[in-house]
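Residue strings, one per chain:
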Amino acid sequence: MAIYHYTDLNGFKGIVESNSLWATNIYFLNDREEFHHGYKCFLNALDYVDDNYVLDGVKEQVQSMLSHFMKHQGMHIYSISFCSVADQLSQWRGYGKNQGICIEFEEDELSNVLNYSDYDMENDNVIYTEENSTIEAKDEINRLICFNGPGSAEIRNDPFARGVYLQFLMKKYIPFFKHSGFREEKEYRFVFTASQCVPDVSFRVSGSGYIPYIILSPVNNVKLPIKKIIVGPTNNFEEVNAGIRFLLDYKGLSNVVIEESKVPYRT
């Protein structure tokens, strides 16, 4: 499946020259309610769980583990944002003043080459919902505590095994809930949760302060599996294209195709 990372010329230069991607701490993404939104969705959904799915003490265990998860592992979750749509107007508007660039990756290839040995990684589409609309969260909560999958008997009868399973599902689902106001982003997300120790964090400066992030590079120094570059709306495509082509060739990515955006957006 093709996924698309939107950035500007400076961001694109950094990705190609460093042969790496930056995953931003989930608390510092463009939604100021990020991560808390997923937590609240799950917490609210507990009141609507189907009674036939409920085991003794499970709701209380979920609430307790949610609180623990937010206080501890929740502080060390990092995300790389992609889009499921190429050449999207809303993305070009966001990068219009700095020359937008859309980088196409193949999702499977990218997940296979990134070195995330210190993290648990999950990747999936973002689920957009209102905080008080529990339809999507309710479905996941029902799945979470019905325990019908492999090893379900052990999970049902062993509180420790159940706790491990709940922890896994929290990491898998909570970071993927986002407020419906961001629906037009059509985001696909790679999420990295520190597995054992506090990760080696870097910081960059933005208009609102310091932004923590982690650097993710391919294993064995292979090249990032970039498939195609789409240059956002511009009045001087030939000049921009020439510079990108030179950079890609110089960095051993001469097979990458460069295309011009088909969106007639005036920059």
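Source: prediction; values computed, not measured.

Okay, the overall build of the protein next. Along the backbone of the protein there are 9 helices and 12 strands. Long-range contacts, defined as pairs at least 24 residues apart, comprise 83% of the intrachain contacts of the protein with a sequence gap of at least 6. Total accessible area computed for the protein in this model is approximately 13,700 Å², and 49% of it derives from carbon and sulfur atoms.

A contiguous nonpolar patch, built from Phe 203, Val 205 and Tyr 210 and spanning about 410 Å² of accessible area, is present on the exposed surface. Considering the arrangement of structural elements, one finds Val 205 in strand S9 (residues 202-206). Residue class for Val 205 comes out exposed when judged on its relative accessible area of 66%.

Moving on, we come to the side chain of Gln 91. Here Gln 91 lies in helix H4 (residues 89-95). Other than its neighbours up to four places away in sequence, Gln 91 contacts Tyr 6 and Glu 185.

For the structure shown, the criterion picks out 0 disulfides. As a non-bridged cysteine, Cys 83 has Cys 102 as the owner of its nearest cysteine sulfur, 7.5 Å distant. Taking the relative accessible area as the measure of exposure, Cys 83 reaches 1% and is therefore buried. On the basis of relative accessible area, Cys 102 is assigned to the buried category, the value being 1%.

This part covers the environment of Leu 66. You can see Leu 66 is positioned in helix H3 (residues 58-71). Considered as a pair, Leu 66 and Tyr 39 are 27 residues apart in the sequence and their alpha carbons are 7.3 Å apart. Apart from residues no more than four positions distant in its own chain, Leu 66 is found in contact with Tyr 39, Phe 42, Leu 43, Met 170 and Ile 174.

Of note in the backbone geometry, Gln 99 takes a positive phi value of approximately 65° without being a glycine. Turning to its location among the elements, Gln 99 is positioned in the loop between H4 and strand S4 (100-106). At Lys 186, a position not held by glycine, the phi torsion is positive, near 50°. You can see Lys 186 is positioned in the loop between strand S7 (177-179) and strand S8 (187-194).

The nonpolar side chains of a soluble globular protein tend to be buried with one another. Grouped together as the largest cluster of nonpolar side chains are 34 residues, with contacts concentrated most on Phe 190 and Phe 192. Counting residues per element, this core draws most heavily on helix H9 (residues 237-250), which supplies 5 residues. In this structure Phe 190 touches Ile 3, Tyr 78, Ser 79, Ile 80, Phe 82, Glu 107, Leu 110, Ser 111, Leu 114, Met 121, Glu 122 and Asn 123, once residues within four positions along its chain are discounted. Of all hydrophobic cores here, the second largest spans 18 residues; its members include Ile 26, Leu 166, Ile 174 and Val 191.

Moving on, we get to the pattern of salt bridges. Counted under the stated rule, the structure contains 8 salt bridges. Here Lys 178 and Glu 187 are joined by a salt bridge, their closest N and O atoms 3.1 Å apart. The burial state of Lys 178 is the same as that of Glu 187; both residues are buried. Notably, a salt bridge pairs Lys 228 with Glu 259, separated by 3.6 Å at the nearest N-O pair. One end of the pair, Lys 228, is in strand S11 (residues 226-231); the other, Glu 259, is in strand S12 (residues 257-260), with 31 residues separating them in the sequence. Residue Lys 228 is classed as partly exposed on the basis of its relative accessible area, which comes to 22%. Salt bridges sharing common partners tie together Lys 178, Glu 185, Glu 187 and Arg 189.

Rules behind the numbers
Residues numbered from 1 in each chain as written. Predicted model: local features only at pLDDT ≥ 70, side-chain atom pairs only at ≥ 80, totals over all residues. Heavy atoms only, no water. Helix = DSSP H or I, 4+ residues; strand = E, 2+ residues; numbered from the N terminus. Contact = heavy atoms within 4.5 Å. Areas by Shrake-Rupley, 256 points an atom, 1.4 Å probe, with all protein chains shown as cover. Patch = residues over 30% accessible without salt bridge, like charges linked within 9 Å, V, L, I, M, F, W, Y side chains within 5 Å. Salt bridge = Lys/Arg side-chain N within 4 Å of Asp/Glu carboxyl O. Buried < 20%, exposed > 50% of the residue type's maximum accessible area, 1.4 Å probe, protein only. Disulfide = S-S within 2.5 Å. Core = buried A, V, L, I, M, F, W, Y, C linked by side-chain atoms within 4.5 Å.

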